[in-house]
Every structure is written in structure tokens, then in C-alpha cells.
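Here is how the chains run, residue by residue.
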Amino acid sequence: MLIVMHQSATNAQVQAVTDAVKAMGLTAEPIPGSERTAIGVLGNQGYVDDATIRELPGVREVIHVSKPYKLVSRDFHPEPSIVEAAGVKFGDGQSPVIIAGPCSVESEEQMLAAAQIVKQAGAQMLRGGAFKPRTGPHSFQGLGLEGLKYLRQAGDAVALPVITEVMRIEQLETICHYADVLQIGARNMQNFDLLKEVGKTGHPVLLKRGMSATIEEFLSAAEYILAEGNPRVILCERGIRTFERATRNTLDLSVVPLIREMSHLPIIVDPSHATGRRNLVSPMAKAAIVVGAHGIMVEVHPDPDKALCDGAQSLDGDSFTKLVAELRRLENLLESV
Ligand code: PEP
Ligand code: MN
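Here's a quick rundown of the structure. Computed from a predicted structure; not experimentally measured.

Looking at the site of ligand 1
1) Next: R127, K132, E165, Q183, G185, A186, R187, K208, R238, H273 and E299 make up every residue found near ligand 1.
2) Next: Between ligand 1 and K132 there is a distance of 2.9 Å, counted from an oxygen atom to a side-chain nitrogen or oxygen.
3) Next: In the model, an oxygen atom of ligand 1 is placed 2.8 Å from a nitrogen or oxygen of the R187 side chain.
4) Next: Along the lines of polarity and charge, the residues of the shell around ligand 1 split into one nonpolar, three polar and seven charged.

Some points on helix α4 (residues 145-158)
1) Next: Taking 1.5 Å as the rise per residue, α4 with 14 residues should run 20 Å; its terminal C-alpha atoms sit 20 Å apart, in good agreement.
2) Next: Those residues of α4 that fall on the buried side of the exposure criterion are G147, L148, Y150, L151, R152, A154, G155 and V158.
3) Next: In this fold, the buried residues of α4 make contact with α3 (108-121), β8 (125-127), β9 (162-165) and α5 (172-178).
4) Next: Phi for A159, located one or two positions after α4, is positive at around 60 degrees.

Overview of the coordination of the manganese ion (ligand 2)
1) Next: Looking at the manganese ion (ligand 2), the protein donor atoms are C103 (SG), H273 (NE2), E299 (OE) and D310 (OD), and they sit 2.0 to 2.4 Å from it.
2) Next: For the manganese ion (ligand 2), the donor residues sit on a single chain with the sequence spacing C-x169-H-x25-E-x10-D. You can see C103 sitting in the loop between β7 (97-101) and α3 and its partner E299 sitting in strand β14 (residues 295-299), a full 196 residues away along the chain.
3) Next: You can call C103 buried: its relative accessible area is 2%.

Cut-offs applied
- Residues numbered from 1 in each chain as written.
- Chains lettered and ligands numbered in written order.
- Predicted model: local features only at pLDDT ≥ 70, side-chain atom pairs only at ≥ 80, totals over all residues.
- Heavy atoms only, no water.
- Near = heavy atom within 4 Å.
- Polar contact = N/O pair within 3.5 Å; in protein donor to acceptor, adjacent residues only side chain to side chain.
- Nonpolar A, V, L, I, M, F, W, Y, C, P; charged D, E, K, R; others polar.
- Helix = DSSP H or I, 4+ residues; strand = E, 2+ residues; numbered from the N terminus.
- Expected span 1.5 Å × (residues − 1).
- Buried < 20%, exposed > 50% of the residue type's maximum accessible area, 1.4 Å probe, protein only.
- Contact = heavy atoms within 4.5 Å.
- Donors = N, O, S within 2.8 Å, 3.2 Å for Na, K, Ca; no water.

Structure below.
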């Protein structure tokens, strides 16, 4: 960190800043200049909270050299990470991973039918929400534990690992028992207590970007999980809230190559929640792969028009099968580019 003092800063003010840095257990190295003094801060292991320094008299600017997300950043870990979950590898440079399944587990039959469809089409992981974060309390809230059991059964029946959302710390133990990957939804991306507990489990985590989270906030949320000793984090871009109303969200595809530069963690794209419209899911899934996503997560329902949740953005079996075939062709094409 570098503290730049105002041109008019007095020696006493420079001294006060130096003392404040020392009080934080760090070393302050004043660098006198002809115009203004700068104070270099040394000895920090990572990002330093500058709140107390910034407010001191005579301070003009605080420049951070270290990022608030040290563990997830490429500075700390230059090689890309491969996150493995029940035999499925994210970020291994092979085929992008396809996760698919219904928004919510609705019944034993619906979950099994969805599992058969996605397996047959070639997906590598099955999704299904048992505990649902719905915007309104009168909407279907998910089947809870019963749904979790149907999801596991369906996954086992077709030999696919399963992923489901965890909303509360109290659900963690049960969900870890039934699911291979824990999903942290957009609405919980900054539920820091939940992130810490998920970090303690060591279970693979799919962390979705919050609806209005900046990249720094997104990566800092991932940092919470890694800081607890769990490096098995997969990031997921699922669209952000903008002024546009024609689509449910705005898919920010530029984060894929950008995060690949900034972080070693794998990143996938969810074109279903990003667009909210089934006709846009396939084009945006393909676009995600072109920009370098390590996978996609798509909502698929045996009968989308009857879905209890997110039917408008869910693909049916035929459209999903077509999409997977197109994605595989696209991958071959990309290899030659
Ligand atoms: C979901 O994947 O079911 C979901 C609720 O997504 P998000 O948290 O991105 O809205
Ligand atoms: Mn959904």
C-alpha cells in the first residue's frame, strides 16, 4: 500500500500517519519527494483495510498494491486451478462441463424424467433446487429435504453427480450428505457467514455472482470460502441487474475472459437465469463457450410449460439435446481456431 500525502502536509501529519501504520503492526517507509511525501507500507500479507489511514489529516490518496482477494488471484496462484467434484473436472482444459436439470425438484417422477433427459443428451452433472430462494413468499418454495432425496435418487439412477442450492447454515450438514456440489445462489453471494461455513466443509462450491455484484465483490466472496481452507470453488456468471427489462438479467460475458485473467478459479455461465427466455438460452450458452467458459448450467424440464418455477427459461428435452450436440460441434471448431 502506498499513502500519498497532500503537498501541504506537515511533518507532524506525516508522523501521525507513520505512527498509525506502525500501530497496525506494519512498517512505514516515508519516501520524500520534491512536491509531496509518499509513505510506503511494508510487511502486510495481503490487502490492508485503509479505513483509519484514509481519514487522517494530510492524506491525499491511498493506493493499494495488493488485492482484497489474494487467495483467488493469479498473483498468488498463477496456474489455473482444476476443481474436481465427484469425478467431474472444471477447468481441466478438456470439454466444458454441462450441468443441467430443472430449476426446482417438483416430484420424484419429474426429477427422474429430467435426469434421464439430461443424461441421455450428454450432461455431466444434474441440478435441482430443493430449497428455493423465491422473490415472493407465495411462490413455490421447494420440497426441502424430500426434494433433496429425489434429487439424489435421480442422480444415482442415471449415474450423475448432483448440485443443489444451500440457503442457510443449518441446511449445510444435510445438503453435504445428499449433494456432490453446494450452490450458493446470487441472493446469498454476500451472506458472509454462510460463505465461511461452506468454506469449512471442504465440499465443492458453485458460487453464483450476485445480481449487482462487481467483479471485486464477486472475487472477494470467493475469497471468504478459500480463506477457510476450501479451494474447491467454481464461479458462475448468471447475469446482472441493469436498466434493461426485455431480458431477466443482462449476461455479462466479458467477465469470463476477465476473471480468467484475474483468477485461477474456473468460471461457468448460467444462460437460463441470465436471459429468462428459453429462445436465448442456446445462443448465449454457445457464446459462453466461445469466450472461454469452463462450463454452463442450463435449466431443463420434461414439460417446461408446466414447471412450478422458471418454466419460461427452461429447455425441453429436444432443445437441450440439440444444444449439447451443437456445443460439442462448436468445441471441435474452436480447437482449430
Ligand atoms: C438457481 O440456479 O436456481 C437460482 C436460483 O439461481 P440464481 O441464484 O442465479 O438466481
Ligand atoms: Mn431457476
